[in-house]
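Descriptive analysis of the structure
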Amino acid sequence: MENDYNNIYAQFLNAKKEFKPVLESAENPYYHSKYATLKIVIDAVSQALANNGLGFYQTISEVFKTEVARDKDKDKIVSFAKLTTVLFSETEKLETVYPIVFADSDPQKLGAAVTYAKRYALLALFGIASEDDDAESVSHPQGPKTQELKKFQKKEKEPEMIFTPEIISEKLRQAKSLGELKNIWKSYYNTIASFSEDEQRSLYDIKDELKNEFEK
């Protein structure tokens, strides 16, 4: 019999009513702000899903490599992978796909890219936002329906953003002048602010290194 997904959607809507707030408790030293970790996101939804007969898992597949130019005299191997997030019940399942780009073979950086992708994929799938994602709502309070619509619209756009720390690092290194470096940094300023502390520290170090080179 063809699956119409009516049951899993009903279960998900009931579970969403029980989601806990996604609190931003991890410290961001560069912007003196906080962000929500992957664990916080998982803790916010797991019990509610279980209470309604649902669960989820995430897998990485289809890893392949291609060569891209890093600068004039050096090439770098960039790997691409597919993160699949599956929401399932006893008889049905829903899948979403999020792309991951690895521009470094460092295990720590690979792990950071995976964590970043998992966190945003879950936020998008479950249609939730961290407590301070929408600063405007603090100074201009709105009704529940309006706020939910804004969160939904924001999460619809997030899967399109695949600018990982590795990709931004590559773009910074492609700058040919101090002015171009500043423009690239400004373009990805908000994205960088969403990264973890270690990811931001790495990008700041790269920016400062390149800035010193241009100022010599």
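Residues numbered from 1 in each chain as written. Predicted model: local features only at pLDDT ≥ 70, side-chain atom pairs only at ≥ 80, totals over all residues. Heavy atoms only, no water.

Points about the packing of aromatic side chains
- As enumerated under the stated definition, the model contains 7 aromatic pairs in all.
- With a centroid separation of 6.2 Å and an interplanar angle of 20 degrees, the aromatic rings of F12 and F126 are classed as stacked. Of the two residues, F12 is situated in helix 1 (residues 6-16) and F126 in helix 3 (residues 107-126); the sequence distance between them amounts to 114 residues. A single burial state applies to F12 and to F126, both of which are buried. (Phe/Tyr/Trp six-rings, centres within 6.5 Å; stacked < 30°, edge-to-face > 60°. Helix = DSSP H or I, 4+ residues; strand = E, 2+ residues; numbered from the N terminus. Buried < 20%, exposed > 50% of the residue type's maximum accessible area, 1.4 Å probe, protein only.)

Some remarks on the nonpolar core
- Counting 24 residues, the largest nonpolar core has Y98, I168, L172, I192 and L203 as its most contacted members.
- Mapped onto this core, the elements with two or more residues apiece are strand 4 (74-88), strand 5 (93-102), helix 3, helix 6 (165-173), helix 7 (178-187) and helix 9 (197-215).
- With 6 residues, the top contributor of residues to this core is helix 3.
- Look past the residues within four positions of L203 in its chain and what remains in contact with it is P165, I168, S169, L172, W185, I192 and F195.
- The next biggest cluster of nonpolar side chains, apart from the first, holds 21 residues, and it includes A48, L54, L87 and L94. (Core = buried A, V, L, I, M, F, W, Y, C linked by side-chain atoms within 4.5 Å. Contact = heavy atoms within 4.5 Å.)

Some remarks on the confidence of the model for the protein chain
- In the predicted model, the protein chain carries a mean pLDDT of 76, and the fraction of residues at 70 or more is 70%.
- The weakest mean pLDDT in the protein chain belongs to helix 4 (residues 136-139) at 35; the strongest belongs to helix 2 (residues 38-51) at 93.
- A low-confidence stretch, residues 131-146 stays under pLDDT 50, and its non-local contacts, those more than four residues away or across chains, total 13 contacts.
- Note that residues 152-161 has pLDDT below 50 and, in this model, 17 contacts with residues that lie over four places away or in other chains. (pLDDT = per-residue confidence, 0-100.)

Considering the pattern of salt bridges
- In total, this model carries 5 salt bridges according to the counting rule given.
- Residues R201 and D198 are paired through a salt bridge, measuring 3.0 Å at the closest nitrogen-oxygen approach. Of this pair, R201 and D198 both sit in helix 9, 3 residues apart, roughly one helical turn.
- For D198, a relative accessible area of 44% corresponds to the partly exposed category. (Salt bridge = Lys/Arg side-chain N within 4 Å of Asp/Glu carboxyl O.)

Some remarks on the packing of helix 7 against helix 9
- It is at 9 Å that the axes of helix 7 and helix 9 come closest, and there the two elements cross at 160 degrees. As far as their axial angle goes, helix 9 and helix 7 are roughly antiparallel. Classified by chirality, the crossing of helix 9 by helix 7 is left-handed. Taken together, the residues of helix 9 that come into contact with helix 7 (itself represented by L178, L181 and W185) are L203, Y204, K207, L210, K211, F214 and E215.
- Its residues placed into classes, the contact of helix 7 with helix 9 shows 7 nonpolar, no polar and 3 charged. (Axes fitted to C-alpha atoms, helices over the stretch in contact; angles between N-to-C directions. Parallel < 35°, antiparallel > 145°, perpendicular 65-115°, else oblique. Left-handed = near helix turned anticlockwise from the far one by under 90°. Nonpolar A, V, L, I, M, F, W, Y, C, P; charged D, E, K, R; others polar.)

Observations concerning the environment of L23
- Position of L23 among the secondary structure elements: in the loop between helix 1 and strand 1 (26-28).
- As a C-alpha pair, L23 and A129 span 106 residues in sequence and 9.2 Å in three-dimensional space.

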